[in-house]
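Coordinates in review
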Amino acid sequence: MAASSRAQVLRLYRALLRESQRFSGYNYRTYAIRRIRDAFRENKNVADSAKIEELLNKAKANLEVIQRQV
């Protein structure tokens, strides 16, 4: 993975975690954080650039959903 792609993924990961911390309900907050961490761990060995782009777009859409719900 290119360095810029890695930086983009890490930036998105941190943004997702940061936004999830804003959930007022404990159960929603812990569930969201657990799902984010599990998803990134599950896909950490993906090498196909098309698949990485697809996953990044999905994560960005999820970030927008979290921002609307918080």
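Since we're looking at a predicted model, the values are computed, not measured.

Looking now at helix 2 (residues 26-42). Spanning 17 residues, helix 2 covers 24 Å between terminal C-alpha atoms, matching the ideal 24 Å at 1.5 Å per step. For helix 2, the set of buried residues is Ala 32, Ile 33 and Ile 36. All buried residues of helix 2 project into a common sector of 95 degrees when viewed along the axis, lining one side. With respect to the buried face of helix 2, the exposed residues turned more than 90 degrees away are Tyr 26, Asn 27, Arg 41 and Glu 42. The elements touched by buried residues of helix 2 are helix 1 (3-20) and helix 3 (49-69).

With that settled, the discussion passes to the UniProt feature "domain: Complex 1 LYR protein" (unreviewed entry) in the protein chain. Per the UniProt entry, the sites bearing "domain: Complex 1 LYR protein" (unreviewed entry) are residues 7-65 in this numbering. Helix makes up 81% of residues 7-65 and strand 0%, and the two end C-alpha atoms of the span are 22 Å apart.

Another point: the packing of helix 1 against helix 2. Following both chains from N to C, one finds helix 1 and helix 2 inclined at 165 degrees, their axes separated by 9 Å at the closest point. With respect to each other, helix 1 and helix 2 are oriented roughly antiparallel. Crossing handedness for the pair helix 1 and helix 2: left-handed. Contacts from Val 9, Tyr 13, Leu 16, Leu 17 and Ser 20 in helix 1 reach Arg 29, Ala 32, Ile 33, Ile 36, Arg 37 and Phe 40 in helix 2. For the contact of helix 1 with helix 2, the residue count by class is eight nonpolar, one polar and two charged.

For the rest of this paragraph, the subject is the nonpolar core. Among the nonpolar cores identified, the biggest contains 14 residues, and Leu 12, Leu 16, Ile 36, Leu 56, Leu 63 and Ile 66 are the most heavily contacted of them. If you list the elements that add at least two residues to this core, you get helix 1, helix 2 and helix 3. Contact partners of Leu 63, with chain neighbours within four places excluded, come to Leu 12, Ala 15, Leu 16 and Glu 19.

What follows covers helix 1. Helical geometry: 3.6 residues make up each α-helical turn, so side chains three or four residues apart lie on a common side. Counted at 1.5 Å a residue, the expected span for helix 1 with its 18 residues is 26 Å, and the 26 Å between its end C-alpha atoms agrees. Every buried residue belonging to helix 1 is among Ser 5, Val 9, Leu 12, Ala 15, Leu 16, Leu 17, Glu 19 and Ser 20, and all of these are buried. Against helix 2 and helix 3 lie the buried residues of helix 1.

Rules and cut-offs
- Residues numbered from 1 in each chain as written.
- Predicted model: local features only at pLDDT ≥ 70, side-chain atom pairs only at ≥ 80, totals over all residues.
- Heavy atoms only, no water.
- Helix = DSSP H or I, 4+ residues; strand = E, 2+ residues; numbered from the N terminus.
- Expected span 1.5 Å × (residues − 1).
- Buried < 20%, exposed > 50% of the residue type's maximum accessible area, 1.4 Å probe, protein only.
- Arc of directions from axis to C-beta.
- Contact = heavy atoms within 4.5 Å.
- UniProt positions renumbered as here; feature names shortened; annotations may be inferred.
- Axes fitted to C-alpha atoms, helices over the stretch in contact; angles between N-to-C directions.
- Parallel < 35°, antiparallel > 145°, perpendicular 65-115°, else oblique.
- Left-handed = near helix turned anticlockwise from the far one by under 90°.
- Nonpolar A, V, L, I, M, F, W, Y, C, P; charged D, E, K, R; others polar.
- Core = buried A, V, L, I, M, F, W, Y, C linked by side-chain atoms within 4.5 Å.

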